[in-house]
Amino acid sequence: MQPAGVNVPSSQQMRFAKAAQTPEQAKKQLENRQKGIEEKRKLDLALLKDHNLKLVKPGWSPSFLVVFRLIILVRFFAGMYSNISDCDEVFNYWEPLHYLLRGVGFQTWEYSPVYAIRSYFYLVLNSLPTFLTRKFTDKRVTFFALRLTYATASSAVEAAFYRAAAVNLSPHVGRYLLWSMVFSAAFWTASTAFLPSTFAMWGSMLGQAVALSPVSVNYGRISLIGVAFATAAFVGWPFAALLAAPPVLEHLFIRGSEKFAEGKNALWAAKRARSLFVAGLAGASVLLPVIFIDSNAYQKFVIVPLNIIKYNILNSSGGGPELYGVEPPSYYLKNGLLAFNIMLPLALLSIPALILTLFVDPKRFGDLRDRHHSHTHPAVSVAIRLVPMYLWLAVLTVQPHKEERFLFPAYGHILLNAAVTLYLCRGWFEQAHLKFYKSPYAITQTKVFSHFTRAVIVFTSILSLMRIGALHSYYRAPLNMYFHLQYLELPRLALLTYPHLYTATPVDPTLPLSNFSEAIMNADFTIDTEPLAALNLRLCLGKEWHRFPSHFLVPDEVEVRFIESDFKGILPKLWDEAGAGKGLWGRSTGSVPSGMNDLNKEERDRYVDVSTCHYLIDLDFPHRPEAASPLEPRYAADEAHWDRLNCLPFLDNAHSPLLFRTLWLPVPAWERKNTYGDYCLLRQKAKF
């Protein structure tokens, strides 16, 4: 340290140099460094190698908990604000669950003991979180609590899927997969849906997450795969088991990175087969509680997953899924582009991209030091992990009956394949850069490759957000309308009908709707609508029956019924009263209801006369007056008989341009390109 005020040139300052290394010390240091490199190579499980960036600081690779916290923020928004896109979700799951919990609900023919193709075990499993909401009198709390539970489960599964891809394929692939999942319009819809296909998606993603790890003779890996896919199939959707075929075949026939002495192939095959048998037993055990609960509910021995397979594949009674619609082979391509935008073409190109990489960037799979001559080539292992998506799409495409939810189990696989393609494309650009500049060092210094992949991820995320915005802005009216019924119309009716019961309530029910709404929403109290039960209020649904969001969003004081419309298929019917027959939890789940068939034939006992309706929810398209019919008149335009209590815009697809109805921008000029109908809550004048 220099004394104060003394300025000594740096060239004259005293320095202490390290003692020179002896040749033996230098040799030992070199050996230790080489040993560390070899150990790192052994620990590197990734099938895809960054051979041009070995000396570059690794990129961002967050932990499971960090990713979980990131994803759950978006999924919670989905749980609160995403729409119900499939009427099967309501009538086959929300309604039966409401019946089990509250004793009221619509029953579909699938829940008749005659057919028994819906599982009560799945309902019981989903009922477990509702025990935490029993103290709340508002059923809406249970509805959204369940959706947030699904958001939490999906976030955990997606985080595990990301980590498996980052560790076993490449950190780059993991990052691309993460960001594409977070903002995906597909996961926005599927992650919080109350559907077995969503549950199958979680199970198949967990199974695939394990399958991304190196294949081995050990019991652990294949047993976890077996249990995950068995749960997806037996509790979710039986056909999800198809996605387990590539990992199972890999376990039987692909050596991977395992080493065996020469002449021990038979022993190796026997060990693999033995571990697969154990995994099969573990997976089959999942079926036991399913059979027990379902047999208890239907009051007879039943294997629901088997019944589902028989109905969809082996049906000989003239029924079958084709009765509910037949779509062209392009159906999943079109819907996939809406859900995944540019990620779907990237996913479809994953195998071709892998083959091309073998020729233009072979070191992407490591060099000879990374594998023994008896090991399976990493490209083969990667291909096996990409095949499930192709298998799923191929099988679904040849089926005549198609629905968007059938794709759910493969959603994770689609984005995984897309992430792999994007990473391989980056590798091609790296090789082109190396060939042009002849300098591996230059590759480590340029940002062009990260800018390219970042641009792709940002672009697909923007498109996804625009699609999510379209779904919310154009189709949110049904959920908002039932909110208006429960929190505005019924409290106003209670205040007007029984003013003596609400003398302490400082809200004037004669205020205009906007003022009344503001007063109710800002009040520090709630208006009990239970006295309205004496009025026997009836809410009717005609052509809008398929957008009914379930009894969870309709107060108990209101009865929901159907009126006749142009739809001539079979509608659900109200379940028998609780205690009227034998079944699960004192409900009539084991009773055979009347008026059920599996041929999608109309049952006229579902209808009530429109004159008995106090309220009606209907969709009116002013730009399509020709769409009206004797059974579907324009109720909203019939001012002589109906009051329009509230109407919200609902997209008119037929009169809106493709681009503007598919995507959304918060720009008035954009929204004006579309045409909208009126989604209305109507009140029959003769009833009030």
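Attention in this report is confined to the structure presented alongside it. (Residues numbered from 1 in each chain as written. Predicted model: local features only at pLDDT ≥ 70, side-chain atom pairs only at ≥ 80, totals over all residues. Heavy atoms only, no water.)

With that settled, the discussion passes to the overall build of the protein. When helices and strands are tallied, the protein shows 24 helices and seven strands. Seen along its three principal axes, the alpha-carbon backbone of the protein occupies a region of about 105 × 80 × 50 Å. Burial status across the protein gives 51% buried among its 688 residues. Intrachain contacts of the protein at a sequence separation of at least 6 include 78% that bridge at least 24 residues. Just so you have it, the protein exposes about 32200 Å², and 63% of that area is on carbon and sulfur atoms. Put simply, the protein has 68 plus and 54 minus side-chain charges, and the middle of one group is 14 Å from the middle of the other. (Helix = DSSP H or I, 4+ residues; strand = E, 2+ residues; numbered from the N terminus. Buried < 20%, exposed > 50% of the residue type's maximum accessible area, 1.4 Å probe, protein only. Contact = heavy atoms within 4.5 Å. Areas by Shrake-Rupley, 256 points an atom, 1.4 Å probe, with all protein chains shown as cover. Lys, Arg positive; Asp, Glu negative; His and termini not counted. Charge placed at Lys NZ, Arg CZ, Asp CG, Glu CD.)

The geometry of an aromatic ring pair comes down to the distance between the two centres and the angle between the two planes. Inspection of the entire model under this criterion finds 45 aromatic pairs. Three or more aromatic residues joined by ring pairs make a cluster, and in this case those are Tyr93, Trp94, Tyr122, Phe143, Phe144, Tyr150, Phe194, Phe199, Trp202 and Phe552. Over the ring of Trp268 we find Arg255; its NZ or CZ atom is 5.4 Å from the centre of that ring. Its end group placed over the ring of Phe621, Arg624 keeps NZ or CZ at 4.0 Å from the ring centre. (Phe/Tyr/Trp six-rings, centres within 6.5 Å; stacked < 30°, edge-to-face > 60°. Lys NZ or Arg CZ within 6 Å of the ring centre and 35° of its normal.)

Turning our attention to helix H4 (residues 120-127). Among the eight residues of H4, seven are classified as buried, and the element is accordingly described as predominantly covered. Taken residue by residue, H4 has Tyr120, Phe121, Tyr122, Leu123, Val124, Asn126 and Ser127 as its buried positions. Buried residues in H4 make contact with helix H3 (87-102), helix H5 (139-168), helix H8 (196-211), helix H9 (219-236) and helix H12 (287-298). In this structure Ser119 caps H4, since a side-chain oxygen of it lies 3.2 Å from the backbone nitrogen of Phe121. (Polar contact = N/O pair within 3.5 Å; in protein donor to acceptor, adjacent residues only side chain to side chain.)

All told, the structure shown has two disulfides when counted by the stated rule. Across the disulfide, Cys540 is cross-linked to Cys613 (sulfur-sulfur distance 1.9 Å). The S-S bond linking Cys540 to Cys613 shows a torsion near -90°; that makes this disulfide left-handed. Here Cys613 lies in the loop between strand E4 (573-574) and strand E5 (615-620) and Cys540 lies in strand E2 (residues 537-541), a separation of 73 residues in the sequence. (Disulfide = S-S within 2.5 Å.)

Our next topic: the nonpolar core. In globular proteins that are soluble, nonpolar side chains generally tend to be buried together. Residues Tyr120, Phe340, Tyr411, Leu539 and Phe548 are the most contacted members of the largest nonpolar core, which totals 155 residues. Top contributing element to this core by residue count: H5, with eleven residues. Setting aside chain neighbours within four positions, we find Tyr120 in contact with Leu100, Tyr111, Ile293, Asp294, Ala297, Tyr298, Trp575, Leu584 and Thr589. Among the nonpolar cores identified, the runner-up in size contains ten residues, and Val608, Cys613, Trp642 and Leu682 belong to it. (Core = buried A, V, L, I, M, F, W, Y, C linked by side-chain atoms within 4.5 Å.)

An order of E3-E2-E5-E7-E6 is seen for the five strands of this open sheet, with the pairing classed as mixed. Each of the sheet's edge strands pairs with one partner strand only, and the pair in question is strand E3 (558-562) and strand E6 (642-651). Within this sheet the neighbouring strands show an average axis-to-axis angle of 25°, counted without direction. Pairing analysis gives five bridges linking E2 to E3, with the strands arranged parallel. The residue of E3 that forms the bridge with Leu539 is Val560. Where helix H20 (residues 448-475) meets the sheet, it contacts E6 and strand E7 (676-684), and its direction lies at approximately 165° from that of E6. (Pairing = 2+ DSSP bridges. Axes fitted to C-alpha atoms, helices over the stretch in contact; angles between N-to-C directions.)

Inspection of the secondary structure puts Leu348 in helix H15 (residues 343-348). When near neighbours in sequence (up to four residues on either side) are disregarded, Leu348 contacts Leu333, Met389, Tyr390 and Leu393.

Together, Ile355, Leu356, Leu358, Phe359 and Val360 make up an exposed nonpolar region whose accessible area comes to about 470 Å². For Leu356, the location among the structural elements is in helix H16 (residues 350-360). Leu356 sits in the partly exposed class, given a relative accessible area of 38%. (Patch = residues over 30% accessible without salt bridge, like charges linked within 9 Å, V, L, I, M, F, W, Y side chains within 5 Å. Salt bridge = Lys/Arg side-chain N within 4 Å of Asp/Glu carboxyl O.)

Here we come to unusual backbone geometry. One non-glycine residue, Asn341, lies in positive phi territory at about 45°. Taking the relative accessible area as the measure of exposure, Asn341 reaches 10% and is therefore buried. Notably, Asn600 is not glycine yet its phi reads approximately 55°, a positive angle. Tracing the backbone through its elements, the reader meets Asn600 in the loop between E4 and E5.

A separate point is the packing of helix H21 (residues 477-497) against helix H22 (residues 513-522). Packing of H21 against H22 leaves a shortest axis separation of 11 Å and a crossing angle of 95°. Judged on the interaxial angle alone, H22 and H21 are roughly perpendicular. When H21 is examined against H22, the residues Phe483, His484, Tyr487, Leu488, Pro491, Arg492 and Leu495 are found in contact with a partner set consisting of Leu513, Phe516, Ser517, Ile520 and Met521. Grouping the constituent residues of the contact of H21 with H22 by class yields nine nonpolar, two polar and one charged. (Parallel < 35°, antiparallel > 145°, perpendicular 65-115°, else oblique. Nonpolar A, V, L, I, M, F, W, Y, C, P; charged D, E, K, R; others polar.)

What follows covers the pairing of E2. Burial analysis of E2 places five of its five residues in the buried class, which makes it a mostly covered element. What you see with E2 is no split at all: Leu537, Leu539 and Leu541 on one side and Arg538 and Cys540 on the other are buried throughout. Here E2 runs beside E5; their pairing, made up of three bridges, is parallel. Paired with Cys540 across the two strands is Leu616, which belongs to E5.

We now examine the pattern of salt bridges. Under the criterion given, the structure shown has 29 salt bridges. Among the salt bridges present, the one from Arg405 reaches Asp86, with a minimum N-O distance of 2.8 Å. You can see Arg405 sitting in the loop between helix H17 (378-397) and helix H18 (411-437) and its partner Asp86 sitting in the loop between helix H2 (64-81) and H3, a full 319 residues away along the chain. A salt bridge links Glu564 to Lys568; its shortest N-O distance comes to 2.9 Å. According to the relative accessible area criterion, Glu564 is partly exposed, its value standing at 22%. A relative accessible area of 38% means that Lys568 is categorised as partly exposed. A single salt-bridge network, built from bridges that share partners, covers Asp50, Asp361, Arg364, Arg426 and Glu430.

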